[in-house]
Amino acid sequence: MRSRVSYYFIAIFMILGLGACGFEPTYASGSQLGRDLENIKLVAPTNREEYIFTRSFERRLGRNLGASTTLRYNISIYDQGLDVSDMNISHKVGNVSYQLIDETNGDVITSGKVDSFTSYSSEGTLSVAAQDDASERLLIILADKVISRLTAQLPVS
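What comes next concerns the included structure.

Calculation criteria
- Residues numbered from 1 in each chain as written.
- Predicted model: local features only at pLDDT ≥ 70, side-chain atom pairs only at ≥ 80, totals over all residues.
- Heavy atoms only, no water.
- Helix = DSSP H or I, 4+ residues; strand = E, 2+ residues; numbered from the N terminus.
- Buried < 20%, exposed > 50% of the residue type's maximum accessible area, 1.4 Å probe, protein only.
- Contact = heavy atoms within 4.5 Å.
- Salt bridge = Lys/Arg side-chain N within 4 Å of Asp/Glu carboxyl O.
- Core = buried A, V, L, I, M, F, W, Y, C linked by side-chain atoms within 4.5 Å.
- Phe/Tyr/Trp six-rings, centres within 6.5 Å; stacked < 30°, edge-to-face > 60°.

## A word on the overall build of the protein chain
Then, number 1: If you tally the helices and strands in the protein chain, you get 4 helices and 4 strands.
Then, number 2: Ordered by position from the N terminus, the helices and strands of the protein chain form the series α-α-β-α-β-β-β-α.
Then, number 3: Sorting the 157 residues of the protein chain into buried and exposed places 32% on the buried side.
Then, number 4: Summarising the internal contacts of the protein chain: among those between residues at least 6 apart in sequence, 62% fall at separations of at least 24.

Below, the structure is given as structure tokens:
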């Protein structure tokens, strides 16, 4: 059995090794990808779902109304019931299709579609509140997935 000292030594060695290899966080303020992600503005929301999606997106990356790229998106959410041995469980299923547009020339930089789901109890007097909460959780998940996908899709320069 190894002593704790050897585990600490290994952990410190790994952390120092990671720093020495040039590791840099994806969203680092000085990185090109970080600047590209900060240079995105979203189309103004027109309903509650779009507002929650936009709010979640901007909480992660910030709001930049003077950005030169615009993210256009289309949100689709629907309910799907689930019959599990007399339990009233429902799913909120949703997807977001998006396009990142360069405002200077109108070209599509990248596009894609993400999807996910959340569950909620549709039984009892609080089912409307549970349904609203499930919608909000789903939209937050979808915003995070769009950001992750953009991180992977944006060209590295």
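Having seen it, we continue.
## Some thoughts on the environment of V93
Then, number 1: Take V93: it is sitting in strand β3 (residues 87-102).
Then, number 2: As a C-alpha pair, V93 and T118 span 25 residues in sequence and 6.7 Å in three-dimensional space.
Then, number 3: Beyond its immediate stretch of four places on either side in the chain, V93 contacts S76, I77, Y78, Q80, S116, F117 and L138.

## Section: the pattern of salt bridges
Then, number 1: What the rule picks out here adds up to 6 salt bridges.
Then, number 2: R48 is the salt-bridge partner of E136, the closest N and O atoms lying 4.0 Å from each other. A residue pair is termed long-range when its members are at least 10 positions apart, and E136 in helix α4 (residues 127-153) and R48 in helix α3 (residues 48-61) qualify at 88 residues.
Then, number 3: With its nearest N and O atoms 3.1 Å apart, the salt bridge here joins K92 to D79. Here D79 lies in strand β2 (residues 69-84) and K92 lies in strand β3, a separation of 13 residues in the sequence.
Then, number 4: Looking at D79, the relative accessible area reads 39%, which means it is partly exposed.
Then, number 5: A single salt-bridge network, built from bridges that share partners, covers R48, R55 and E136.

## A few points about the nonpolar core
Then, number 1: Within the largest apolar cluster, 24 residues are counted, with the highest numbers of intra-cluster contacts made by I40, F53, F57, L71, V96, V146 and L150.
Then, number 2: Listed by contribution, the elements that provide at least two residues to this core are α2 (32-38), β1 (40-42), α3, β2, β3 and α4.
Then, number 3: The dominant element in this core, judged by the number of residues it contributes, is α4, at 7 residues.
Then, number 4: Contact partners of L150, with chain neighbours within four places excluded, come to L37, I40, F57, L71, Y98, L100 and T110.

## A look at the packing of aromatic side chains
Then, number 1: The final tally for this structure, using the stated rule, is 2 aromatic pairs.
Then, number 2: Summarising the aromatic geometry, the rings of F53 and F57 are spaced 6.3 Å apart at their centres and angled 35° between planes, so their arrangement reads as tilted. One end of the pair is F53 and the other is F57, both in helix α3 and 4 residues apart, which spans about a single turn.
Then, number 3: Using a relative accessible area of 1% as the deciding quantity, one classes F57 as buried.

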